[in-house]
Amino acid sequence: MNCLSPSILAADFSQLGDQIRIIDEAGAQYVHIDVMDGMFVPSISYGMPVIKCIRPCTERVFDAHLMIEDPDRYIDEFVKVGADIITVHAEACKHLDRTIEAIKEKGVLAGVAINPATPVSQILPILHKVNMVLIMSVNPGFGGQKMIPYTIEKVRELKKIIDEKGYEVDIEVDGGITLENVEQFLAAGANIIVAGSSVFNGDIEENVKCFLDKLNA
Ligand code: DX5
Ligand code: ZN
């Protein structure tokens, strides 16, 4: 099934609860939560207190994208505040296998993310252990960037491997996804689509519906 995961990094934080209710009611299945630590990526975004605060606003899947160094330190806390999927960056984990195991031990879904310049081959040894692979389509750290076209080919490469192996692993794409380019990612094999600025800029409800039309076509 194809799912939309609007990135609340692009939301108006003064109306965060209301905007989450809008995406929920418009049919978005996930809520994408970008956590940045100012080390792995240049920016600092928000953390556990915010996630805890918005958890009662929706029952949709909380899709936590941790752009933080050594995320093992905080897995417990992210589970406690209500994350349903925890995605860590392969580049930020010294012992990726251990980190993935630690996430799964907590009873939540585990995802692994790779930056545009990180090859798909890097995560193949743990592919059978994860529920989702996040292929970054921009360099992580900021919303509103332009999609990097060669990442579409990485999605295609990963999808082929997953199908050949017979694994059940979702492919998420994140960064610079718009109504104009989303079909290319869907055709390549992505099934979880993150969109920040193209959902929250303008009419949020209408934007979600337009994305869902493409995801369900
Ligand atoms: C980038 C974040 C993305 C970002 C997406 O570091 O991981 O989730 O917020 O925003 P847009 O869709 O505006 O690129
Ligand atoms: Zn993200």
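As a convention, each chain's residues are numbered from 1 in the sequence order in which they are written. All chains are assigned letters beginning with A, and all ligands numbers beginning with 1, in the order in which they are written. Only residues with pLDDT of at least 70 are given local features in this predicted model, and only at 80 or more are side-chain atom pairs given and counted; all residues enter the totals for whole chains, interfaces and linings. Hydrogens and water molecules were not included; the side-chain quantities draw on all heavy atoms of the structure.

### Notes on the site of ligand 1
Next, step 1: For each residue, the test is whether any non-hydrogen atom lies within 4 Å of the molecule or strand; if one does, the residue is near. Around ligand 1, a shell composed of 20 residues is seen, among which Asp34, Gly141, Asp174, Gly196 and Ser197 lie nearest.
Next, step 2: Polar contacts, as counted here, are pairs of nitrogen or oxygen atoms within 3.5 Å of one another; within protein the pair requires one atom able to donate a hydrogen and one able to accept it, and residues that are adjacent in sequence qualify only if both atoms are side-chain atoms. Within the side chain of His65, an N or O atom sits 3.2 Å from an oxygen atom of ligand 1.
Next, step 3: Surface accessibility in these figures is a Shrake-Rupley result with a 1.4 Å probe; residues are shielded only by whichever protein chains are displayed. Out of a free accessible area of 380 Å², ligand 1 has 99% covered by protein chains.
Next, step 4: Segments assigned H or I by DSSP are reported as helices when at least four residues long, segments assigned E as strands when at least two residues long, and all are numbered from the N terminus. In terms of residues, the shell around ligand 1 owes the most to one element, strand E2 (residues 30–36), which gives 3 residues.
Next, step 5: Three classes are used, and their members are as follows: Ala, Val, Leu, Ile, Met, Phe, Trp, Tyr, Cys and Pro are nonpolar, Asp, Glu, Lys and Arg are charged, and the others, Gly among them, are polar. The residue inventory of the shell around ligand 1, partitioned by class, reads 8 nonpolar, 10 polar and 2 charged.

### As for the pattern of salt bridges
Close approach of charged atoms allows side chains of opposite charge to pair.
Next, step 1: Counted as salt bridges are all cases of a side-chain nitrogen of Lys or Arg within 4 Å of a carboxyl oxygen of Asp or Glu. Overall, the coordinates contain 12 salt bridges when judged by the stated rule.
Next, step 2: In this structure, Arg156 engages Glu153 in a salt bridge whose closest nitrogen and oxygen atoms are separated by 2.5 Å. One end of the pair is Arg156 and the other is Glu153, both in helix H5 (residues 150–165) and 3 residues apart, which spans about a single turn.
Next, step 3: Only protein chains enter the accessibility calculation, which uses a 1.4 Å probe; a residue whose area is less than 20% of its type maximum is buried, one above 50% is exposed, and one in between is partly exposed. You can call Arg156 partly exposed: its relative accessible area is 41%.
Next, step 4: Lys160 serves as the salt-bridge partner of Glu164, at 3.4 Å between the closest nitrogen and oxygen. Placement of both Glu164 and Lys160 in helix H5 is noted, with a separation of 4 residues, approximately one turn of the helix. This pair shows no difference in class: Glu164 is exposed, exactly as Lys160 is.
Next, step 5: Connected via shared salt-bridge partners are Asp97, Glu101 and Lys129.

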